[in-house]
Structure formats: structure tokens, C-alpha cells
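# Summary of structural features
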Amino acid sequence: MNRHDKSFTGAPRVVRAAALADADLEPAPLDPAQVVSGTPEVRHLELASGTDLAVGVWQHGSGVSTDTEADEVFVVLGGSATIEVEGGPVLDVGPGDVVLMPGGACTVWTVHETLRKVYVVRP
């Protein structure tokens, strides 16, 4: 990221992401074609974005869905899930885990308990 890109963040701040109420996150419904089973509710809060990076909080309720990933690093704040990466590993994730996900990876997310993460993604 360009150090002079002020669109990423205007001022230092703390976001207590693990303590945010669900209502503080905007609904971000999945495309019905992504839902494998259940009725997972997805919510999102964008914290900052710039030309090279985006940072936010993402939450996925219990259920199973598919996704095609972007280059991303995320930290699980709460909940648990199993992420199956096509042609790759099966990742069991929970609070405190740091996950590195390559762009283009096709995944199946089985969320056992509502998963909340903070992510940094390269669009």
C-alpha cells in the first residue's frame, strides 16, 4: 500500500471487533448458489479500504457455503469452522487462529458455531 494513501485510514483508532453486537454489522446475504446447507446469516463491517488493501469484520452463522477466495489473512475472533480447500488441506479454525488464504482458492465453509473474523484482503 502507498504510505501516502489516506483513503485507507484517516486516524488511529481501536475497534473492539470481538465485542461488536451483531446489529453493528451490516447484513451481507450470500448468493443462494453459494449455500450448500442450512440458512447461514452473513454479516460484515468494513473498517478501512484503500487501493491495495481492505480490512473488516466478517461473520458467518451456522451452515455450509462455498466461496472463491481473495488473497487474505484473517484472525478468528470467535466460533468454529472447517474450511475445505479444493485440491488442498482441510482447515479446522477457531478463536485465535491466523489463516492465510490464497486468491482463487475454491472453498467449502462448514460453520459449526457462528464464526467471526477480522480480515485483511488484497482486492
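Residues numbered from 1 in each chain as written. Predicted model: local features only at pLDDT ≥ 70, side-chain atom pairs only at ≥ 80, totals over all residues. Heavy atoms only, no water.

The chain has the name DUF861 domain-containing protein in an unreviewed UniProt entry, where Microbispora catharanthi is given as its organism.

### Focus: the pairing of strand β4 (residues 54–60)
Burial of β4 is extensive: seven of the seven residues sit out of reach of the surface. Neither face of β4 is left uncovered, since the one carrying Ala-54, Gly-56, Trp-58 and His-60 and the one carrying Val-55, Val-57 and Gln-59 both have all their residues buried. Judged from the seven bridges that link them, strand β3 (residues 42–49) and β4 form a sheet pairing that is antiparallel. When the sheet's bridge partners are listed, Arg-43 is paired in β4 with Gln-59. (Buried < 20%, exposed > 50% of the residue type's maximum accessible area, 1.4 Å probe, protein only. Helix = DSSP H or I, 4+ residues; strand = E, 2+ residues; numbered from the N terminus. Pairing = 2+ DSSP bridges.)

### Here we look at the confidence of the model for the chain
When pLDDT is averaged along the chain, the result is 92; 92% of the residues meet or exceed 70. Taken as a whole, residues 1–6 scores under 50 in pLDDT and shows five contacts with residues more than four places along the chain or in a different chain. (pLDDT = per-residue confidence, 0-100. Contact = heavy atoms within 4.5 Å.)

### As for the pattern of salt bridges
One pass over the full model with this rule turns up four salt bridges. For the salt bridge of Asp-22 with Arg-116, the shortest nitrogen-to-oxygen distance reads 3.1 Å. In this pair, Asp-22 is assigned in the segment before β1 (26–27) and Arg-116 in strand β9 (residues 106–122), connecting sequence segments 94 residues apart. You can call Arg-116 buried: its relative accessible area is 7%. Ionic pairing is found between Arg-122 and Asp-71, a salt bridge with its closest N-O pair at 2.8 Å. Here Arg-122 is found in strand β9, whereas its partner Asp-71 is found in strand β6 (residues 71–85), with 51 residues between them in sequence. Classification of Asp-71 as partly exposed rests on a relative accessible area of 29%. (Salt bridge = Lys/Arg side-chain N within 4 Å of Asp/Glu carboxyl O.)

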